[in-house]
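Descriptive analysis of the structure
Given next are the chains, with one letter for each unit.
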Amino acid sequence: MSAQDPITTGIDARPAATEPAEPARGRRGVFIKAYGCQMNVYDSERMAGLLAPLGYRPVDTPAEADLVVLNTCHIREKAAEKLYSDLGRLKEAKAARAGGMMVAVAGCVAQAEGAEIPRRAPIVDIVVGPQAYHRLPELIAKAARGKGEALDTEFAVEEKFDVLARDRAAPGVSAFVTVQEGCDKFCTFCVVPYTRGAEISRSASAIIAETRALASKGVAEVTLIGQNVNAWRDGDKGLGALCRALAKIDGVERIRFTTSHPRDMDDALIEALGEEPKLMPYLHLPAQSGSDRILAAMNRGHTAADYLKIIGRVRAARPDIALSGDFIVGFPGETDEEFEATLGLVRAVGYAAAFSFKYSRRPGTPAASMPKQVAEAVKDERLARLQSLLTAQRDAFCAALVGRTLPVLFEKPGRRPGQLIGRTPYLQSLHASAPASLLGKVAPVRVLAVTPNALAGELAEARGTEPQDAEAARG
Ligand code: 5AD
Ligand code: SF4
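The structure reproduced in this document is the subject of the present report. These figures come from a predicted structure and were not determined experimentally. All residue numbers here refer to positions counted from 1 along the written sequence of the relevant chain. Chain A is the first chain written and ligand 1 is the first ligand written, with later ones labelled in order. Where totals are concerned, whole chains, interfaces and linings use all residues; where local detail is concerned, this predicted model gives features only for residues with pLDDT of at least 70, and gives and counts side-chain atom pairs only at 80 or more. The basis for every side-chain value is the complete set of heavy atoms in the structure, and neither hydrogens nor water enter the calculation.

Regarding the layout of surface pockets
Counted as a void, the second largest pocket has a volume near 300 Å³. In terms of lining residues, the second largest pocket is bounded by Arg415, Arg416, Gln419, Ile421, Ser429, Leu430, His431, Thr451, Pro452, Asn453 and Ala454. Of all the elements in the fold, those that place two or more residues in the lining of the second largest pocket are strand 16 (419–423) and strand 17 (429–433). Here the lining of the second largest pocket takes three residues from strand 17, the largest share from any one element. In this classification, the charged set is Asp, Glu, Lys and Arg, the nonpolar set is Ala, Val, Leu, Ile, Met, Phe, Trp, Tyr, Cys and Pro, and all remaining amino acids, among them Gly, are polar. Taken together, the residues of the lining of the second largest pocket break down into four nonpolar, five polar and two charged. Grid points spaced at 1 Å over the protein atoms alone were grouped into cavities, where a 1.4 Å probe fits but cannot get out, and pockets, open sets with protein on both sides within 12 Å along at least five of seven lines, with lining residues defined by an atom within 4 Å of a point. Grid points are joined across faces, edges and corners, and a volume is the space filled by probe spheres set on the points. Only DSSP runs of H or I with at least four residues qualify as helices, and only runs of E with at least two residues qualify as strands; both kinds are numbered from the N terminus onward.

Put into structure tokens, the structure is as follows:
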């Protein structure tokens, strides 16, 4: 790489006193923007933890930042465009900052585009792929010294898991814990297997140790995350066994996991959902389509009937389970009838929440070169129909909770004085008047009303707090 290489330009001019690789010499600001999925939110938190010992403190705007990290997502179109337009805006902020600003692009767009990013946007100093975040301090030092290539898009997940798990400053009430990364499923529309690499599980002992450490810092809820979280394995143990082991940790009140694949919903996990009260009654299980022909073209490895059978088994084990899913409309070749089959599947399941997307052509994936790409206007219309059905289902699910008493984990103060915000077992946000002493605690709350983005409730007597009990109390 030449001295003029865009990856390192602008760095040599930085005053030595602001060189960030040295241990904290005063405060430096870091602004991290996470695009896309929970994995990115988690990774961004971890990066902040990793940068804290170097003297970096989070700031609210790029203008205050000595280091800006854009943690990108590549799953649907326009990710790269969004990145370049953000970089365009940053150019001015960078020019205006007397002390200089280092710009790092992280995440899946970094993985996919690599050195192309600084070529197109010379303000970028560092490009770091999802498996190399733990080397961020080293890359910052390299870029700051203007030596060599500040670019790392290697796959070395094991190392990353462990380095990033350390030093989580103030994790709050609810925290993500990565248990698995990558995906081998190769759905024909999806870039994840290419950007995040093969499925790799973190060891049970590392996950348990991280969860223990989080619990000792006051974390009451852990959400186990991974692209295909229920593909997690350690020897003969799967996710069900892992959840049961984590449930034994003192202080851990709630366990969630996301995202699951229908093909990996094994009996042990379904049994754990039925038997372990700390496992929350909420399952995000993407279906993508209700048409068997489209599911086959997507390489999903399951039919609509397989999916419904799994839902039946899960509901038999945990009758109060709230279901969530992902759907794609307008996959290449999708006919009106095939789209109707998706609506049929949604009606058959009844979702509490869901995410739905127009098919987005991702270069390099098999579906991108399939014939009969669906017109944008048709996708728009299908998406609108699907979303109105899903919204109606979500509203009905929320409305049915009014009058019931649910255990709520209070996470943070509300906007009004004396108010706290928490979550129901079904992942809805709920606000209620409650003393600050309940922060981080689970308390019974009677649901009074459904507001546009949350539920409203009032503290109830401490009885019948588990969803099953509340169900029974309702009679
Ligand atoms: N187009 C539209 N949606 C997609 N998803 C993944 N790739 C694409 C794509 N190319 C959706 C899937 C997946 C969710 C995370 O994003 O529904 O489950
Ligand atoms: Fe993508 Fe399919 Fe893997 Fe999910 S299961 S990450 S949609 S390839």
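With respect to the packing of aromatic side chains
Ring pairs shown here join Phe, Tyr and Trp side chains whose ring centres sit within 6.5 Å, with only the six-membered ring taken for Trp; geometry is labelled stacked below 30 degrees between planes, edge-to-face above 60, and tilted in between. Scanning all chains against the criterion turns up five aromatic pairs. Judged by centre distance (6.5 Å) and plane angle (85°), the rings of Phe189 and Phe331 are edge-to-face. Of this pair, Phe189 sits in the loop between strand 8 (180–181) and helix 7 (192–195) while Phe331 sits in the loop between strand 13 (322–329) and helix 13 (336–349), and the two are 142 residues apart along the sequence. Residue Phe189 shares its accessibility class with Phe331, and that shared class is buried. Centroid distance Phe331 to Tyr359: 5.6 Å. Interplanar angle 70°. Geometry classified as edge-to-face. Of this pair, Phe331 sits in the loop between strand 13 and helix 13 while Tyr359 sits in the loop between strand 14 (353–358) and helix 14 (376–399), and the two are 28 residues apart along the sequence. The ring of Tyr56 has Arg28 lying over it, and the distance from NZ or CZ to the ring centre is 5.6 Å. Over the face of the ring belonging to Tyr84 we find Arg120, whose NZ or CZ atom lies 3.7 Å from the ring centre. For every residue, the accessible area obtained with a 1.4 Å probe (protein chains only) is divided by the maximum for its type, and the residue is called buried under 20%, exposed over 50%, and partly exposed between those limits. To sit over a ring, a charge needs its Lys NZ or Arg CZ within 6 Å of the ring centre and within 35 degrees of the ring normal.

Examining the site of ligand 2
For this description, a residue counts as near a given molecule or strand if any of its non-hydrogen atoms is within 4 Å of it. Within the structure, ligand 2 sits among Cys183, Lys185, Phe186, Cys187, Phe189, Cys190, Val192, Pro193, His261 and Arg300. Its residues assigned to classes, the shell around ligand 2 shows seven nonpolar, one polar and two charged.

Quick word on the site of ligand 1
Around ligand 1 sit Ile75, Arg76, Phe189, Gln288, Asp326, Ile328, Phe357, Lys358, Tyr359, Ser360 and Arg362, and those are all the residues in its vicinity. Each polar contact in these results corresponds to two N or O atoms within 3.5 Å; when the atoms are within protein, one needs to be able to donate a hydrogen and the other to accept it, and residues that are neighboring in sequence are counted only if both atoms are side-chain atoms. In the model, an oxygen atom of ligand 1 is placed 2.7 Å from a nitrogen or oxygen of the Gln288 side chain. In this structure, a nitrogen atom belonging to ligand 1 sits 2.8 Å away from a main-chain N or O atom of Ser360. For every accessible area listed, the method is Shrake-Rupley and the probe measures 1.4 Å; residues are considered covered only by the protein chains on display. Bound to the protein, ligand 1 loses 88% of the 400 Å² it would expose on its own. Within the residue set of the shell around ligand 1, elements represented by two or more residues are strand 13 and strand 14. Classifying every residue of the shell around ligand 1 gives five nonpolar, two polar and four charged.

Shape is all these values report; function is a separate question.
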